[in-house]
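Each chain, letter by letter, is given below.
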Amino acid sequence: MKRLLILLLASLPVGLHGQFRYDGHICGGDTLRRPYSAVPSVSGETYRFAVIADRCGGERPGVFRSGAERVREYAPDFVLSVGDQIDGYTTDREHAMRQWEEFDTLRRLFGAPLFHLPGNHDYSNRELAALWDERFGCSYYGFRIGSSLFLMLNSEEPLGEGRTGISDRQAAYFASMLAREKSDGPLFVVMHTPLWVTGRDPNYNRLEALFLERNATVFSGHTHRYYHACKKGRPHYNLATLGGDSPMRGVPMGEFDHFMLVEVHDGKVSVRNISVDGTPLPLDAVDEQSRGPVELLAAEKWLDVIPTVADGPRTECLETGLVLTNPSEEPLRVTMQAPRIPGGRIEPETCIREVAPRSNDTVPLRIRFDSPQETDALPPIRIICRGSYRIGGREVAASAEKRWLIDCIRRCGSEPTAVRVEDPFYVHEVWDWHSVRDGSFRFEVRLDADDRIALRITTADDNLITDPDPKRLQDRIVVLFTPEGGPTQRIELTAGRSAEAPYRAECRAVENGLEARLSLPAKGLRRFNLNIGFVDCDNRLNTKPSQLWWRPREMRANDRADYGTFLIERDE
């Protein structure tokens, strides 16, 4: 009898515990490493679970902890993650392990088993993927609770050439599971990137055709903006955040901290949308009708300010245009209140425009100063407008801020022209740059006696990081040099690097930053364009350091002149 009992237990599928059955075959039947923290205790066909949104991607401290404590109040039987549980984006194993240890402490606050799923922050490189496999065994998997089937997809699998998505092997695994599991019970599909929105992953599209034949509910995250839709009558929910970076422009824009609470009772599924403060949120906060306008407002591409290039270094009056673009099928209402300018004023001070569907409009703007001003000394001028649509009887609105780029044509002669960059026009990975105290730079340009452009750049940095290997993460200076009529040349310099041809360059570490000197050929040139960037690597564990740029990386300003323009003045 004892032997018979052992044989019966051995024949049970991997992960069977009461109503719970985990399919670990993709992991080779590994019983030690599993992508869930504990086996959920569920009996019968009635249970409750929570789905949690992105914690990371510019984490706001304390929000996830509050959210986990709020989830616990609803006593779910288990919790599903849509990914981005750690900050990641590091190749340092020890650093990543500390991040996972921190998350392990936080996930215990749920008071329920957590099912892990990789987001791009958790799985962004080979080192993080290997650590995931080491900790959890599987990056995609399925499990059953009673008659309900759960599919946890890895939307972040590397597919080559920088692409991520569903691999052939993963697609075959889930197709086989769906063919094997023929129950009419609920089907829950969870992924990080909302592949159901983009429709660009062929393997996901094939799986989706199978999902939609069943009683499916789909959850995803990644965009940090909520969206609900139905595809062939099957509800899809893209979660916003539970601590991840967000402008937090409110419910109509789908920007809020929340979780979804799902209740299953005898095969019937109900879903609630709950704020981190416990307030019920509408499931249709952003739906198929409002999503287009919401995405347009959120991307802020409906607003632009035409750059202005003055003829000289001093000016009394500058003109530009406020470009309003409405590609939607609904009218766009725009309001503007001009900012106050010391020693000057913007005309008009206020503006209200309605932009017709699928059209654009340009509002002339002018700034007048009480006396001539140094162009380079002007404070940053930021234009803030509010855009709004009326969708289904409710307003969807958001503000957008665009900096007015004011530049002038500079001279490059025997006397140096100096520029200090403490408020860069463009910052890539802005979350990693905090202020001028974190990093800034200055440069000087002159024409030397050998008819060459002499460029000297110095950076000021609170944490200088250098390395003999120029390919490793470290502080670096980037120069974009465009000779008149020629292609843009990109020159990257790190401490200890020098070059001879076609330009001469050297870079060294100094007390509080880098100092670089370049000599560029100017023979036959009358003008050139220049842009300077500073990659401020404050922590080598972070693979996405901030990049500070003097001017936008796209070099064209308007039909009259390019920004970053220098006219060469040769002594007679």
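**Things to note about the side chain of Arg 551**
Take Arg 551: it is sitting in the loop between β37 (546–549) and β38 (565–568). Here the side chain of Arg 551 touches Asp 407 through a polar contact of 3.2 Å, side chain to side chain. Ignoring any residue separated from it by four or fewer positions in sequence, one finds Arg 551 in contact with Leu 405, Ile 406, Asp 407, Arg 410, Phe 425, Asn 531 and Tyr 563.

**A short note on the confidence of the model for the protein**
The pLDDT averaged across the protein works out to 90; a share of 94% of its residues lies at or above 70. Low pLDDT (under 50) marks residues 1–17, which in the prediction has 14 contacts with non-local residues, meaning those over four places away or in another chain.

**Observations regarding the layout of surface pockets**
Roughly 670 Å³ of volume is contained in the second largest pocket. Classifying every residue of the lining of the second largest pocket by side-chain character gives six nonpolar, ten polar and ten charged.

**Topic: helix α5 (residues 168–180)**
With 13 residues, α5 extends 18 Å between its outermost C-alpha atoms, agreeing within 8% with the 18 Å of an ideal straight helix rising 1.5 Å per residue. Regarding α5, the residues found buried are Gln 170, Ala 171, Tyr 173, Phe 174, Met 177 and Leu 178. Taken around the axis of α5, the buried residues stretch over an arc of 160°, which confines them to a single face. Away from its buried face by more than 90 degrees, α5 exposes Asp 168 and Arg 169.

**Some words on the sheet that holds strand β22 (residues 359–374)**
In spatial order, the strands read β16-β18-β22-β20; together these four strands make up an open sheet with antiparallel pairing. A single partner strand is all that each edge strand has here, and the edge strands are β16 (303–305) and β20 (344–347). In this sheet, adjacent strand axes meet at a mean angle of 20° when their direction is disregarded. Of the strand pairs in this sheet, strand β18 (residues 314–326) and β22 are connected by twelve bridges, and their pairing is antiparallel. Note on β22: the bridge partner recorded for Arg 314 is Glu 374.

**With respect to the sheet that holds strand β21 (residues 350–355)**
Within the open sheet, the four strands sit side by side as β21-β19-β23-β24. Their pairing is antiparallel. Two strands close off the open sheet at either side, each with one partner strand: β21 and β24 (394–404). Averaged over all pairs of adjacent strands, the angle between their axes in this sheet comes to 20°, without regard to strand direction. Bridge count between strand β23 (residues 381–391) and β24: eleven bridges; the pairing is antiparallel. Residue Ser 388 lies in a different strand from β24, and its bridge partner there is Ala 397.

**What about the pairing of strand β36 (residues 527–536)?**
With nine of ten residues buried, β36 is to be regarded as a mostly interior element. In this sheet, β38 lies alongside β36 in antiparallel orientation, the contact comprising three bridges. Residue pairing across strands places Asn 529 opposite Thr 565, the latter belonging to β38. Here β36 pairs with β37 via four bridges, running antiparallel.

**Notes on the nonpolar core**
Judged by nonpolar contacts, the single largest core of 117 residues is most densely connected at Phe 49, Leu 80, Phe 143, Leu 151, Phe 211, Phe 219 and Leu 322. Each residue touching Phe 219, except ones within four places of it in the same chain, is listed here: Val 51, Val 82, Phe 188, Val 189, Val 190, Met 191, Tyr 237, Leu 239, Met 260 and Val 262. Counting residues in each nonpolar core, the second largest holds 36 residues, with Cys 412, Leu 493, Leu 530 and Phe 534 among its members.

**Details of helix α3 (residues 93–107)**
With 15 residues, α3 should cover 21 Å at 1.5 Å per step; its first-to-last C-alpha distance of 21 Å lies within 8% of that length. Those residues of α3 that sit buried are His 95, Ala 96, Gln 99, Trp 100, Phe 103, Asp 104, Leu 106 and Arg 107. Its side-chain oxygen 3.2 Å from the backbone nitrogen of Glu 94, Asp 92 forms the N-cap of α3.

**Brief notes about the pattern of salt bridges**
Enumeration according to the criterion identifies 43 salt bridges in this entry. For Glu 374, the salt bridge is made with Arg 314, and the minimal N-O distance between the two is 2.9 Å. Here Glu 374 is found in strand β22, whereas its partner Arg 314 is found in strand β18, with 60 residues between them in sequence. The exposure class assigned to Glu 374 is partly exposed, which follows from its relative accessible area of 37%. The closest approach of N and O atoms between Arg 411 and Glu 569, which form a salt bridge, is 3.4 Å. Of this pair, Arg 411 sits in strand β26 (residues 410–412) while Glu 569 sits in the segment after β38, and the two are 158 residues apart along the sequence. Judged by relative accessible area, Arg 411 falls into the partly exposed class, the value being 35%. When salt bridges that share partners are traced, they join Glu 319, Arg 345, Glu 347, Arg 366, Arg 368 and Asp 370 into one network.

**Concerning the pairing of strand β11 (residues 227–231)**
When β11 meets strand β12 (residues 234–238), the two strands line up antiparallel, connected through five bridges. In the sheet register, Ala 229 faces β12, and the bridge partner there is His 236.

**Points about the environment of Pro 545**
With respect to the element layout, Pro 545 can be found in the loop between β36 and β37. Distance from Pro 545 to Tyr 47, taken between C-alpha atoms, is 44 Å for residues 498 residues apart in sequence. If sequence neighbours within four positions are ignored, Pro 545 has contacts with His 428, Glu 429, Asp 432, Leu 473, Val 535, Asp 536 and Cys 537.

**Regarding the packing of aromatic side chains**
For any pair of aromatic rings, the description consists of the separation of the ring centres together with the inter-plane angle of the planes. By the definition in use, this model includes 37 aromatic pairs. Plain terms: the ring middles of Phe 64 and Phe 103 are 5.7 Å apart, the flat faces sit at 45° to each other, and that makes the pair tilted. Of the two residues, Phe 64 sits in helix α2 (residues 63–73) while Phe 103 sits in helix α3, which places them 39 residues apart along the sequence. Look at Phe 64 and you get buried, because its relative accessible area is 2%. Between Trp 100 and Phe 136 the ring centres are 5.3 Å apart and the planes differ by 75°, which places this aromatic pair in the edge-to-face class. Placement of Trp 100 in helix α3 and of Phe 136 in helix α4 (residues 126–136) is noted, with a sequence separation of 36 residues between them. When its relative accessible area of 4% is taken as the criterion, Phe 136 is described as buried. By way of ring pairs, the aromatic residues Phe 20, Tyr 22, Tyr 36, Tyr 47, Phe 49, Phe 78, Phe 115, Tyr 141, Phe 143, Phe 150 and Phe 188 are connected into one cluster. Over the face of the ring belonging to Phe 64 we find Arg 55, whose NZ or CZ atom lies 5.9 Å from the ring centre. Sitting over the face of the ring of Tyr 89, Lys 544 holds its NZ or CZ atom 4.1 Å from the ring centroid.

About the thresholds
- Residues numbered from 1 in each chain as written.
- Predicted model: local features only at pLDDT ≥ 70, side-chain atom pairs only at ≥ 80, totals over all residues.
- Heavy atoms only, no water.
- Helix = DSSP H or I, 4+ residues; strand = E, 2+ residues; numbered from the N terminus.
- Polar contact = N/O pair within 3.5 Å; in protein donor to acceptor, adjacent residues only side chain to side chain.
- Contact = heavy atoms within 4.5 Å.
- pLDDT = per-residue confidence, 0-100.
- 1 Å grid on protein atoms, 1.4 Å probe; cavity = no way out; pocket = protein on both sides within 12 Å on 5 of 7 lines; lining within 4 Å.
- Points joined across faces, edges and corners; volume = space filled by probe spheres on them.
- Nonpolar A, V, L, I, M, F, W, Y, C, P; charged D, E, K, R; others polar.
- Expected span 1.5 Å × (residues − 1).
- Buried < 20%, exposed > 50% of the residue type's maximum accessible area, 1.4 Å probe, protein only.
- Arc of directions from axis to C-beta.
- Pairing = 2+ DSSP bridges.
- Axes fitted to C-alpha atoms, helices over the stretch in contact; angles between N-to-C directions.
- Core = buried A, V, L, I, M, F, W, Y, C linked by side-chain atoms within 4.5 Å.
- Salt bridge = Lys/Arg side-chain N within 4 Å of Asp/Glu carboxyl O.
- Phe/Tyr/Trp six-rings, centres within 6.5 Å; stacked < 30°, edge-to-face > 60°.
- Lys NZ or Arg CZ within 6 Å of the ring centre and 35° of its normal.

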